[in-house]
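Single-letter residue listing:
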Amino acid sequence: MKASRVIGTILGILLIVFAVGAYFSDEPSSKTDTGRIAILGAFLFGLFTIGGNLGSTKKKQEVRLPEVKTVVNTMTCPSCSKPVSADFTVCPYCATPLSPKCPSCGREVSSDFKLCPYCGTSLKQ
Ligand SMILES: [Zn+2]
Ligand SMILES: [Zn+2]
């Protein structure tokens, strides 16, 4: 992998050197529109080759960044206002049910719902 990147970078530099050299050469083909487009193409391709080779190392490091999974699923207890995990079903500080489940259908409902929105069962106790 590393060797191919070095080769790719060298290839890109060679393409740019070739393009610049061809542009300033006295060859008549480099003075035509087609010749210039070809030179520009080679120059840009060289730049992209180098950029792609240098960028690929950076990209691989950036992809590994979002591994810190800390304060994502946090919520506040409606009763004592302390931060609790959204995975908790009961507040560990004041024992308030955080995400009560409908006794009839078992789906998660909000603690201030009077009725289950899924099956209509009364949740008031
Ligand atoms: Zn609480
Ligand atoms: Zn229900």
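The residue numbers shown here count from 1 along each chain, following its written sequence. As a convention, the first chain written is A and the first ligand written is 1, with the rest following in written order. Local features in a predicted model are, by the rule used here, given only for residues with pLDDT of at least 70; side-chain atom pairs are given and counted only at 80 or more, and totals for whole chains, interfaces and linings are based on all residues.

Student: How would you summarise the overall build of the protein chain if you had to cite specific residues and measurements?
Tutor: Along its length, the protein chain carries two helices and two strands. We count a stretch as a helix when DSSP gives it H or I for four or more residues in a row; a strand needs E for two or more, and each element gets its number in order from the N terminus. Secondary structure elements in the protein chain, listed N-terminal to C-terminal, are α-α-β-β. With C-beta atoms placed from the backbone, the exposure class of a residue follows from how many other C-beta atoms lie within 10 Å of its own: 20 or more, buried; 12 or fewer, exposed; in between, partly exposed. The burial tally for the protein chain puts 8% of its 125 residues in the buried class.

Student: Hey, could you go over the environment of Gly12 for me, with residue numbers and the actual values?
Tutor: Its location among the elements puts Gly12 in helix H1 (residues 2-24). For Gly12, a count of 21 C-beta atoms within 10 Å translates into the label buried. Here, residue contact means that the backbone-derived C-beta atoms of the two residues sit within 7 Å. Discounting chain neighbours no more than four positions away, the residues touching Gly12 are Gly46, Leu47, Thr49, Ile50 and Asn53.

Student: Mind laying out the confidence of the model for the protein chain, listing which residues take part and the relevant values?
Tutor: Taken residue by residue, the protein chain gives an average pLDDT of 79. The fraction at 70 or more is 83%. Ranking the elements of the protein chain by mean pLDDT puts helix H2 (residues 33-63) last with 75 and strand E2 (residues 83-85) first with 89. Looking at any residue, its pLDDT shows the predictor's confidence there, from 0 to 100.

Student: An account of unusual backbone geometry is needed here, citing residue identities and associated values.
Tutor: Phi is positive for Ser81, which is not a glycine, with a value near 65 degrees. Positionally, Ser81 belongs in the loop between strand E1 (74-76) and E2. Residues other than glycine seldom take positive phi values, yet Ala95 does so here, at roughly 65 degrees. Relative to the elements of secondary structure, Ala95 occurs in the segment after E2.

Student: So what about the environment of Asn73? Which residues, and what values?
Tutor: Inspection of the secondary structure puts Asn73 in the loop between H2 and E1. In this structure Asn73 comes out as exposed when scored by C-beta crowding, with 11 C-beta atoms within 10 Å. Residues Asn73 and Ala86 lie 13 residues apart in sequence; the distance between their C-alpha atoms is 5.2 Å. Beyond its immediate chain neighbours, meaning those up to four positions away, Asn73 contacts Ser85, Ala86 and Asp87.

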